[in-house]
Amino acid sequence: MSEIEETLKRISSHKGIQGIVVVNNEGIPLRSTLEPEKTTHYAATVLQLAQKARSVVRDLDATNDLTFLRVRTKKHEIMIAPEKDYMLIVVQNPNQD
Amino acid sequence: MSEIEETLKRISSHKGVQGIVIVNSEGVPLRSTMEAEKTTQYSASLLQLAQKARSVVRDLDPQNDLTFLRVRTKKHEIMIAPEKDFMLVVVQSPNTEA
């Protein structure tokens, strides 16, 4: 467990990190640094997006696969690292002081 | 028109760029450096993905909006720049030797 804590702490220490969510394949958040309502919202919607992205990638080339997804928005960047049993979501605003 | 050509040429000259597609908001490819079949496939599926991404962003925060999308895959990276009337898609494999 402490390895997870250390990783979350390491990521949180980067400039502008607004939140980190670890979601399992069913969209259930396993860990989060965001408040519960936001966590659930992010978990559900971002999981769907990652699944759509993965299916687009495989559609275009059946031997390829999604490894990472970066959603840049006006306010921040949402980074999604999909793994076999879970997904890591990090929200960062690098311009934040 | 030549400004578009110059931009496409400039982007193509980057290392590992495998293809560029300009798609309008209906999914119709306006320009492409890829073959026709691939162009159509990329246009249709990536437009859907960009629309989905935009709707996720606005769902999470109605005042926010999508500005760019990077889809990293095992073989390459697909970069999507959505604009009001069209979308620019660039496929690049950074590991490819020029």
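I will try to describe carefully the structure that is included in this document. Just so we're clear, the structure is a prediction, and the values are computed from it rather than from any experiment. (Residues numbered from 1 in each chain as written. Chains lettered and ligands numbered in written order. Predicted model: local features only at pLDDT ≥ 70, side-chain atom pairs only at ≥ 80, totals over all residues. Heavy atoms only, no water.)

1. Observations regarding the overall build of chain A
Line of reasoning, step 1. Counting its secondary structure elements, chain A contains two helices and five strands.
Line of reasoning, step 2. Counted from the first residue to the last, chain A has its helices and strands arranged as α-β-β-α-β-β-β.
Line of reasoning, step 3. Here chain A has a C-alpha radius of gyration of 14 Å; the compact-globule value for 97 residues is 13 Å, and the two agree.
Line of reasoning, step 4. Principal axes of the C-alpha set define a box for chain A whose edges measure 40 × 30 × 25 Å.
Line of reasoning, step 5. Here chain A holds 97 residues, and 44% of them are scored as buried.
Line of reasoning, step 6. Contacts in chain A between residues far apart in sequence, at least 24 positions, make up 39% of those at least 6 positions apart.
Line of reasoning, step 7. Put simply, chain A shows about 5,600 Å² of open surface, and 49% of that area lies on carbon and sulfur atoms.
Line of reasoning, step 8. In chain A, 13 positive and 13 negative side-chain charges are present, and the distance between their average locations comes to 6 Å. (Helix = DSSP H or I, 4+ residues; strand = E, 2+ residues; numbered from the N terminus. Rg over C-alpha atoms; globule rule 2.2 N^0.38 Å. Buried < 20%, exposed > 50% of the residue type's maximum accessible area, 1.4 Å probe, protein only. Contact = heavy atoms within 4.5 Å. Areas by Shrake-Rupley, 256 points an atom, 1.4 Å probe, with all protein chains shown as cover. Lys, Arg positive; Asp, Glu negative; His and termini not counted. Charge placed at Lys NZ, Arg CZ, Asp CG, Glu CD.)

2. With respect to the nonpolar core
Line of reasoning, step 1. Counting residues in each nonpolar core, the largest one holds 41 residues, and the members touching the most others are Val 71 of chain A together with Leu 46, Val 71, Ile 78 and Ile 80 of chain B.
Line of reasoning, step 2. When residues of this core are assigned to their parent elements, the largest contribution, 10 residues, is made by helix α2 (residues 36–60) of chain A.
Line of reasoning, step 3. Once you skip the residues sitting within four places of it in the chain, Ile 80 of chain B turns out to touch Leu 46, Ala 50, Phe 68, Leu 69, Val 71, Met 87, Leu 88 and Val 89 of chain B. (Core = buried A, V, L, I, M, F, W, Y, C linked by side-chain atoms within 4.5 Å.)

3. Here we look at the environment of Val 91 of chain B
Residue and element names in this part refer to chain B.
Line of reasoning, step 1. As for its placement among the helices and strands, Val 91 is situated in strand β5 (residues 86–92).
Line of reasoning, step 2. For the pair Val 91 and Val 57, spaced 34 residues apart in the sequence, the C-alpha separation amounts to 23 Å.
Line of reasoning, step 3. In contact with Val 91, other than residues within four places in its own chain, are Gly 16, Val 17, Gln 18, Gly 19, Tyr 42, His 76, Glu 77 and Ile 78.

4. Topic: the interface of chain B and chain A
Line of reasoning, step 1. Of the residues lining the interface, 28 residues belong to chain B; the matching set on chain A comes to 28 residues.
Line of reasoning, step 2. Both sides together, the interface formed by chain B and chain A hides about 2,500 Å², and carbon and sulfur atoms give 62% of it.
Line of reasoning, step 3. We note a salt bridge from Asp 61 of chain B to Lys 75 of chain A, for which the minimum N-O separation is 2.8 Å.
Line of reasoning, step 4. Put simply, chain B and chain A have 19 residue pairs in polar contact (both at pLDDT 80 or more) between them.
Line of reasoning, step 5. Of all the secondary structure elements, the ones that give two or more residues to the side of chain B that touches chain A are α2 (36–60) and β3 (66–73) of chain B.
Line of reasoning, step 6. Element by element, the count of residues in the side of chain B that touches chain A is highest for α2 of chain B, at 12 residues.
Line of reasoning, step 7. Split by residue class, the side of chain B that touches chain A holds 12 nonpolar, eight polar and eight charged.
Line of reasoning, step 8. Across seven bridges, strand β3 (residues 66–73) of chain A lies against β3 of chain B in antiparallel orientation. Bridging from a neighbouring strand, Phe 68 of chain A pairs with Arg 72 of chain B of β3 of chain B. (Buried area = accessible area lost by both parts, 1.4 Å probe. Salt bridge = Lys/Arg side-chain N within 4 Å of Asp/Glu carboxyl O. Polar contact = N/O pair within 3.5 Å; in protein donor to acceptor, adjacent residues only side chain to side chain. Nonpolar A, V, L, I, M, F, W, Y, C, P; charged D, E, K, R; others polar. Pairing = 2+ DSSP bridges.)

5. Here's the deal with the layout of surface pockets
Gaps left between atoms are located by rolling a probe of water-molecule size over the structure's atoms.
Residue and element names in this part refer to chain A.
Line of reasoning, step 1. Considered as a void within the structure, the largest pocket measures approximately 220 Å³ in volume.
Line of reasoning, step 2. Lining the largest pocket are Glu 3, Ile 4, Thr 7, Leu 8, Val 22, Leu 30, Ala 81, Glu 83, Tyr 86 and Leu 88.
Line of reasoning, step 3. For the lining of the largest pocket, the elements supplying multiple residues, two or more each, are α1 (2–12) and β5 (86–92).
Line of reasoning, step 4. Broken down by element, the residue count for the lining of the largest pocket peaks at four residues, all from α1.
Line of reasoning, step 5. Partitioned by chemical class, the residues of the lining of the largest pocket number seven nonpolar, one polar and two charged. (1 Å grid on protein atoms, 1.4 Å probe; cavity = no way out; pocket = protein on both sides within 12 Å on 5 of 7 lines; lining within 4 Å. Points joined across faces, edges and corners; volume = space filled by probe spheres on them.)

6. A few points about the sheet that holds β5 of chain A
In sheet architecture, strand pairing relies on hydrogen bonds along the backbone and comes in two forms, parallel and antiparallel.
Line of reasoning, step 1. Overall, antiparallel pairing links the 10 strands, which are arranged β2(A)-β1(A)-β5(A)-β4(A)-β3(A)-β3(B)-β4(B)-β5(B)-β1(B)-β2(B) in an open sheet. The open sheet terminates on both sides in strands that have one partner only, identified here as β2 (29–32) of chain A together with β2 (29–32) of chain B. Adjacent strand axes in the sheet meet at a mean angle of 15° when their direction is disregarded.
Line of reasoning, step 2. Sheet topology places β3 of chain A next to strand β4 (residues 77–82) of chain A; four bridges connect them, and they run antiparallel. Within β4 of chain A, the residue paired with Arg 70 of chain A across the bridge is Met 79 of chain A.
Line of reasoning, step 3. Packed onto the sheet, α1 of chain A meets β1 (17–24), β2 and β5 of chain A and runs at close to 145° relative to β1 of chain A.
Line of reasoning, step 4. α2 of chain B contacts β3 and β4 of chain A together with β1 (17–24), β2, β3, β4 (77–82) and β5 of chain B of the sheet and is inclined by roughly 125° relative to β3 of chain B. (Axes fitted to C-alpha atoms, helices over the stretch in contact; angles between N-to-C directions.)

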